[in-house]
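Results of the structural survey
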Amino acid sequence: MIVFWFLVKEGFHGLFRSGYAGIFSIIILCISLVLIGFGYIAARDTLVLVDNIRSQFDIDVFLYRTATAEEIQQLTQEISAMPEIEKIVFISADSAAQRFKSEFGEDIFDILQYNPLPPSLTISLKKPYQHVADIELLAAILANKSIVDEVKFRKNFLRIIERYQQLILVIVIAAFAFLTLISVILASNSIKMTIFSRRDVIETMKLVGATNNFVRAPFLIEGTLEGLCAAVVAVIFIALSFYFINNYLQAFISYRALASYRFYIGLLVLGSLMGLVGSLRAIRKFL
Amino acid sequence: MSPENEIDMINFFNVSCTFGKEAGVRNLNFSIEEGEFVFITGPSGAGKSTILRLIYMDLFPEKGKVVIRNFDSSKIRANEIPFLRRKVGMIFQDFRLLNDRNVYQNVALSLYVSHYKTKEIRARVYKILNQVGLGHRIYYHPSELSGGEQQRVAIARALVKEPVVLLADEPTGNLDPRVSTDLMNLLAYINQQGTAVIVATHNYGLIQRIPKAKLIQVNDGEIVNIT
Ligand SMILES: Nc1ncnc2c1ncn2[C@@H]1O[C@H](COP(=O)(O)OP(=O)(O)OP(=O)(O)O)[C@@H](O)[C@H]1O
Ligand SMILES: [Mg+2]
């Protein structure tokens, strides 16, 4: 325990003595944490947006005009029982005609003298099933029903969204990994400079009988503290930016930037870890 | 008779350490007992510092082996070396005090590395600093001290861990004669308390001060005489 406090003190001591190199690692880590923080929120909100767009795509099941009310009733019940169904709405031929009128302003009877619109069921799916693969499977099942004429959904559009969503995810993760790696390496190189300037301390500690772990610990603590400092600054910066967006840009954009305390804690932890890993990498060469 | 049968505190068995050149030391055979006072003398470049570095295992022999108590240079693992160094007090030719901390912290460092309790550390550090006459310089930084005072901080740091042997490399290097007399008296006192003392020096004048001391004379990396 005493040793622990001694090492923590040494770590703080080092932090204040590391000068420009220490400030440099803090700046590097801070910039990358800000980028990661904004990037995370942007990616999260984009994905939520895409998800919302997705969920607005319904499956239209067109029925034969000959289908009886009983048959329709039975099919509706059958479909509602399926686990992936969120909502099912029946649109009769008449109400389809009415909808046509309200949408296009003209009565279909006046044009064609009869109602060509079939009765249909509009199905929306629960979130986990909003994938092309799931929908295709369901569509195939529904198309086989005797009263079903045709099943329609915007397959191509969904495909594109799905592909882009995956692409965004891959790009975001790759960018984060790259950013983290680069900033850890840069920070670690500048930590290396602070260690280099204090190699006499390392040497002397070893000569008076310190184990490698004992020599290492203050530098790891120092690196972690640098990461934490960087993260605190980044968190303040991000929180202030969000405050600004939410309070002063409301007139121009409808977007609201929201982040939970978990997001901020996550950044603090990430920053500390980056500092720790950076100093671990840096000290390796000196022991 | 195998030399290993009669093991002393410090044993050199046919040790060579030449840095891959003609320099360094060759074929050293000697031993030092507990509580002995030893001078290692010889001209500059003879290999005195090299011998001391072999003792605290900052260097390892290319041939032969160094055995200090139960630490054997041919078998020791890197993570055991700190435990050897906690038993060996060292006063370096260039002191190696840390300027990022004060006198107290410099001396306390060698106890912190061995995980002593703060209370014990404080008691021991104050005691030793008073003993070497630096009680009034505890919160100075090494750079604010004279050469002789720095020397005494180095001694205090070496002694505070109560080593079984104290190694002093050119301890009177650039001290005036009076201060070196004080220093030799201090080393003699330490030796009387039971600690073995090994002094490497090219100052033959020092030798007369400790009449009972053993003398190991080196020249050009080899031992020329032991008396
Ligand atoms: N790290 C090293 N690499 C190469 N040669 C070395 C190294 N250290 C010492 N030597 C050589 O080994 C020889 C002995 O050096 P050492 O430092 O032991 O001498 P010394 O007796 O302590 O001299 P001084 O009285 O000047 O301190 C010298 O010739 C020196 O050049
Ligand atoms: Mg020397």
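About the thresholds
Residues numbered from 1 in each chain as written. Chains lettered and ligands numbered in written order. Predicted model: local features only at pLDDT ≥ 70, side-chain atom pairs only at ≥ 80, totals over all residues. Heavy atoms only, no water. Domains from an automatic or database assignment. Helix = DSSP H or I, 4+ residues; strand = E, 2+ residues; numbered from the N terminus. Expected span 1.5 Å × (residues − 1). Buried < 20%, exposed > 50% of the residue type's maximum accessible area, 1.4 Å probe, protein only. Arc of directions from axis to C-beta. Contact = heavy atoms within 4.5 Å. Salt bridge = Lys/Arg side-chain N within 4 Å of Asp/Glu carboxyl O. Near = heavy atom within 4 Å. Polar contact = N/O pair within 3.5 Å; in protein donor to acceptor, adjacent residues only side chain to side chain. Areas by Shrake-Rupley, 256 points an atom, 1.4 Å probe, with all protein chains shown as cover. Nonpolar A, V, L, I, M, F, W, Y, C, P; charged D, E, K, R; others polar. Phe/Tyr/Trp six-rings, centres within 6.5 Å; stacked < 30°, edge-to-face > 60°. Lys NZ or Arg CZ within 6 Å of the ring centre and 35° of its normal. Disulfide = S-S within 2.5 Å. Donors = N, O, S within 2.8 Å, 3.2 Å for Na, K, Ca; no water. Pairing = 2+ DSSP bridges. Axes fitted to C-alpha atoms, helices over the stretch in contact; angles between N-to-C directions.

1. A few points about the domain arrangement of chain A
Under the domain assignment used here, chain A contains domain 1 (2-52 + 161-286) and domain 2 (58-153). Averaged C-alpha coordinates put domain 1 of chain A and domain 2 of chain A at centres separated by 53 Å.

2. Here we look at helix α6 (residues 177-192) of chain B
All names here are of chain B. With 16 residues, α6 should reach 22 Å at 1.5 Å per residue; the first-to-last C-alpha distance of 22 Å fits that figure. Among the residues of α6, Ser 180, Leu 183, Met 184, Leu 186, Leu 187, Ile 190 and Asn 191 are the ones counted as buried. Summarising the axial view, the buried residues of α6 lie within an arc of 155°, below the 170-degree limit, and thus occupy one face. Set apart from the buried face of α6 by more than 90 degrees, the exposed residues are Arg 178 and Gln 192. Where α6 is buried, its residues meet β3 (37-41), α5 (147-159), β7 (165-169) and β8 (196-201). Looking one or two places after α6, you find Gly 194, whose phi comes out positive at around 110°.

3. Thoughts on the environment of A:Tyr20
Inspection of the secondary structure assignment puts A:Tyr20 in helix α2 (residues 19-55). In sequence terms A:Tyr20 and A:Met193 are 173 residues apart; their C-alpha atoms lie 9.8 Å from each other.

4. Structural notes on the pattern of salt bridges
Here the structure, examined in full by the defined rule, presents 17 salt bridges over all chains. One salt bridge in this structure joins B:Glu222 and B:Arg26, with 3.4 Å as the shortest N-O distance. Residue B:Glu222 is located in strand β10 (residues 222-226), and its partner B:Arg26 is located in strand β2 (residues 25-32); the two are separated by 196 residues in the primary sequence. Residue class for B:Glu222 comes out partly exposed when judged on its relative accessible area of 36%. Notably, a salt bridge pairs B:Lys75 with B:Asp72, separated by 3.6 Å at the nearest N-O pair. In this structure B:Lys75 comes out as exposed when scored by relative accessible area, which is 64%. Take B:Asp72: its relative accessible area is 9%, and that puts it in the buried class. Salt bridges here are not isolated pairs; linked through shared partners, they connect A:Glu10, B:Asp100 and B:Arg101.

5. Quick look at the site of ligand 1
Residue and element names in this part refer to chain B. Every one of the 15 residues lining ligand 1 counts as a neighbour, but Ser 44, Gly 45, Lys 48, Ser 49 and Thr 50 are closest to it. One nitrogen or oxygen atom from the main chain of Gly 45 is found 2.8 Å from an oxygen atom belonging to ligand 1. One of the side-chain nitrogen or oxygen atoms of Gln 93 is found 3.1 Å away from an oxygen atom of ligand 1. Notes on ligand 1: free accessible area 630 Å², of which the protein chains cover 66%. Taken together, the residues of the shell around ligand 1 sort by class into four nonpolar, eight polar and three charged.

6. With respect to the packing of aromatic side chains
With the rule as written, the count across this model stands at twelve aromatic pairs over all chains. Ring centres of B:Tyr104 and B:Tyr126 lie 5.6 Å apart, and the angle between their planes is 45°; on these two criteria the pair is classed as tilted. Taken together, the residues B:Tyr104 in helix α3 (residues 103-112) and B:Tyr126 in helix α4 (residues 118-131) connect sequence positions 22 residues apart. On the basis of relative accessibility, which here comes to 27%, the residue B:Tyr126 falls in the partly exposed class. Clustering of aromatic rings is evident, with ring pairs tying together A:Phe6, A:Phe214 and B:Tyr112. The ring of B:Phe83 carries B:Arg86 above its face, with NZ or CZ at 4.6 Å from the centroid. Taking the ring centre of B:Phe92 as reference, the NZ or CZ of B:Arg96 above it sits at 5.1 Å.

7. Comments concerning the state of the cysteines
Residues and elements named next belong to chain A. All told, the structure shown has zero disulfides over all chains when counted by the stated rule. With no disulfide of its own, Cys 30 lies 10.0 Å from the sulfur of Cys 229, the closest cysteine sulfur. By relative accessible area, Cys 30 is classed as buried at 12%.

8. Structural notes on the coordination of the magnesium ion (ligand 2)
Residue and element names in this part refer to chain B. Around the magnesium ion (ligand 2), the protein supplies Ser 49 (OG) and Gln 93 (OE1) as donor atoms, at distances of 1.8 to 2.6 Å. With Ser 49 in helix α1 (residues 48-55) and Gln 93 in the loop between β6 (88-91) and α3, the pair connects residues that are 44 residues apart, well separated along the chain. What makes Ser 49 partly exposed here is its relative accessible area of 25%. According to the relative accessible area criterion, Gln 93 is partly exposed, its value standing at 46%.

9. Things to note about the sheet that holds β3(B)
Hydrogen bonds along the backbone pair up the strands of a sheet, which may run parallel or antiparallel. Residue and element names in this part refer to chain B. As summarised here, the arrangement of the six strands in space is β6-β7-β8-β3-β9-β10, forming an open sheet in which the pairing is mixed. The sheet is open, and its two edges are formed by β6 and β10, each paired on a single side. Each adjacent strand pair in this sheet contributes to an overall mean axis angle of 20°, direction not counted. As paired strands, strand β9 (residues 214-219) and β10 are joined by four bridges and run antiparallel to one another. When the sheet's bridge partners are listed, Asn 219 is paired in β10 with Glu 222.

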